[in-house]
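# Observations on the model geometry
Here is what each chain is made of, one letter per residue.
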Amino acid sequence: MPSPEQPAPFSTVLRTASGAEHEAAEQSSFMSHLLGGRLGLDAYAELSGQLWFVYRALEGRAAELSRHPVVGPFIDPALFRTAALEHDLEHLRGPGWQAGLSPLPATAAYTARIEELSTDWPHGYLAHHYTRYLGDLSGGQIIRGIAERTWGFERKGAGVHFYVFEEVGNPAAFKRDYRARLDTAGLAMDEVERRRVVDECRRAFTLNGAVFADLDIRYPLSA
Ligand code: HEM
């Protein structure tokens, strides 16, 4: 049990502080429809397209961020999703997949925030790194199973590469190690900075929720 002088491990703080936002994202209309197998393939393809913009922003400055003393240890090519999304999009939308694909307003706001932080405030960027990659390694695996069943993708094949971390041998062990890295990162920050990162994590969830809301407007129930 941590003493008053010893703050709770930063990984625990992040998970606990974003619990309500996590629940809201899970229960959002778009995610509920997806989890219930009620969405059409077009909606899933659009989600993958929007995620492509997000991961391009998350991974676009990886080389610079990998040299940052606190954020550097998190930058791991085994996590990179841009290429996997491109494979999926080629399958879902065809070879000219980029034509006609544009960020929804909420996606544009989300990517702008990630881009801003990756240059101006790397600790804030870390909140986004955590929110996406640890989520993909967790609930993402549930989404993969549902996508395979709903749209008949080959197991871990074309269409769901995004959810398959080929280079992460053991996701549970990886997540444990990631949380240990978060705890170390938390020790490198003062309390004010930790709180700012926690707030940014909540904001990351909210930005994801806004993308789902935009998708929900576009695909209210297409199946
Ligand atoms: C459809 C919806 C979702 C389901 C069913 C789901 C499910 C889960 C589950 C079961 C875990 C716990 C895994 C574990 O402890 O190993 C988890 C963790 C997590 N999820 Fe989700 N999730 C969903 C949506 C999201 C979204 C939209 C995000 C953010 C964009 C997200 C971010 C996270 C994060 C960051 C964690 C790690 C928490 C931690 O241990 O620190 N999830 N999710």
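Residues numbered from 1 in each chain as written. Predicted model: local features only at pLDDT ≥ 70, side-chain atom pairs only at ≥ 80, totals over all residues. Heavy atoms only, no water.

### Notes on empty space enclosed by the protein
In the structure shown here, the tally under the stated rule is one cavity of 30 Å³ or more. Of the volumes computed, that of the largest cavity is approximately 40 Å³. Taken together, L58, E59, A62, I75, D76, L79, F80, Y125, H129 and Y133 make up the full set of residues lining the largest cavity. When residues of the lining of the largest cavity are assigned to their parent elements, the largest contribution, three residues, is made by helix α8 (residues 122-137). Here the residues of the lining of the largest cavity sort into seven nonpolar, one polar and two charged. (1 Å grid on protein atoms, 1.4 Å probe; cavity = no way out; pocket = protein on both sides within 12 Å on 5 of 7 lines; lining within 4 Å. Points joined across faces, edges and corners; volume = space filled by probe spheres on them. Helix = DSSP H or I, 4+ residues; strand = E, 2+ residues; numbered from the N terminus. Nonpolar A, V, L, I, M, F, W, Y, C, P; charged D, E, K, R; others polar.)

### Some points on the site of the ligand
Residues in contact with the ligand amount to 20 residues; listed here are only the nearest, H22, E26, Y130, K175 and R179. Within the side chain of H22, one N or O atom sits 2.9 Å away from a nitrogen atom of the ligand. Take K175: an N or O atom from its side chain is 2.5 Å from an oxygen atom of the ligand. The pocket occupied by the ligand, as judged from atoms lying within 2 Å of grid points, is the largest pocket. Those elements giving two or more residues to the shell around the ligand turn out to be α2 (19-26), α3 (29-35), α8, α9 (139-151), α10 (171-187) and α11 (191-218). Of all the elements, α8 adds the most residues to the shell around the ligand, at five residues. By residue class, the composition of the shell around the ligand is nine nonpolar, six polar and five charged. (Near = heavy atom within 4 Å. Polar contact = N/O pair within 3.5 Å; in protein donor to acceptor, adjacent residues only side chain to side chain. Sits in = over half its atoms within 2 Å of the grid points.)

### Quick word on the packing of α2 against α11
The geometry of α2 relative to α11 is characterised by a closest axis approach of 9 Å and an angle of 10° between their N-to-C directions. With respect to each other, α2 and α11 are oriented roughly parallel. Every residue of α11 that contacts α2 at E21, H22 and A25 is listed here: R202, F205 and F212. Of the residues in the contact of α2 with α11, the class split is three nonpolar, one polar and two charged. (Axes fitted to C-alpha atoms, helices over the stretch in contact; angles between N-to-C directions. Parallel < 35°, antiparallel > 145°, perpendicular 65-115°, else oblique. Contact = heavy atoms within 4.5 Å.)

### Examining unusual backbone geometry
Positive phi values are uncommon outside glycine, yet K156 reaches one of about 55°. Structurally, the position occupied by K156 is in the loop between α9 and α10.

### Some remarks on the layout of surface pockets
The volume enclosed by the largest pocket comes to roughly 770 Å³. Lining the largest pocket are 33 residues, with H22, T131, G135, G139 and F205 sitting closest to its centre. Only α1 (10-17), α2, α3, α4 (41-59), α8, α9, α10 and α11 provide two or more residues apiece to the lining of the largest pocket. It is α8 that contributes the most residues to the lining of the largest pocket, six residues altogether. Among the residues forming the lining of the largest pocket, the class breakdown is 16 nonpolar, eleven polar and six charged. Its volume calculated, the second largest pocket comes out at about 190 Å³.

### Some details on the pattern of salt bridges
A side chain of one charge can pair with a side chain of the opposite charge when the charged atoms of the two come close. For the structure on display, the rule yields twelve salt bridges. In this structure, R132 engages D136 in a salt bridge whose closest nitrogen and oxygen atoms are separated by 2.7 Å. With a gap of four residues between them, R132 and D136 both fall in helix α8, about one helical turn apart. Here R181 and D177 are joined by a salt bridge, their closest N and O atoms 3.0 Å apart. Note that R181 and D177 are positioned in helix α10 at a spacing of four residues, about one turn of the helix. (Salt bridge = Lys/Arg side-chain N within 4 Å of Asp/Glu carboxyl O.)

### What to know about the packing of α8 against α10
Remark: α8 packs on α10, axes separated minimally by 11 Å, with the N-to-C direction vectors making an angle of 165°. With respect to α10, the axis of α8 lies roughly antiparallel. Our pair here, α8 against α10, has a crossing hand that is left-handed. Across the interface between the two elements, L126, H129, Y130, L134 and L137 from α8 touch P171, F174, K175, Y178, R179, L182 and A185 from α10. The class makeup of the residues in the contact of α8 with α10 is nine nonpolar, one polar and two charged. (Left-handed = near helix turned anticlockwise from the far one by under 90°.)

### Describing the packing of aromatic side chains
Applying the stated criterion across every chain, the model contains ten aromatic pairs. With a centroid separation of 6.3 Å and an interplanar angle of 50°, the aromatic rings of W151 and F153 are classed as tilted. You'll find W151 and F153 in the same group, each marked buried. An aromatic cluster is defined as three or more aromatic residues linked by ring pairs; in this entry it consists of Y55, Y133, F162 and Y163. (Phe/Tyr/Trp six-rings, centres within 6.5 Å; stacked < 30°, edge-to-face > 60°. Buried < 20%, exposed > 50% of the residue type's maximum accessible area, 1.4 Å probe, protein only.)

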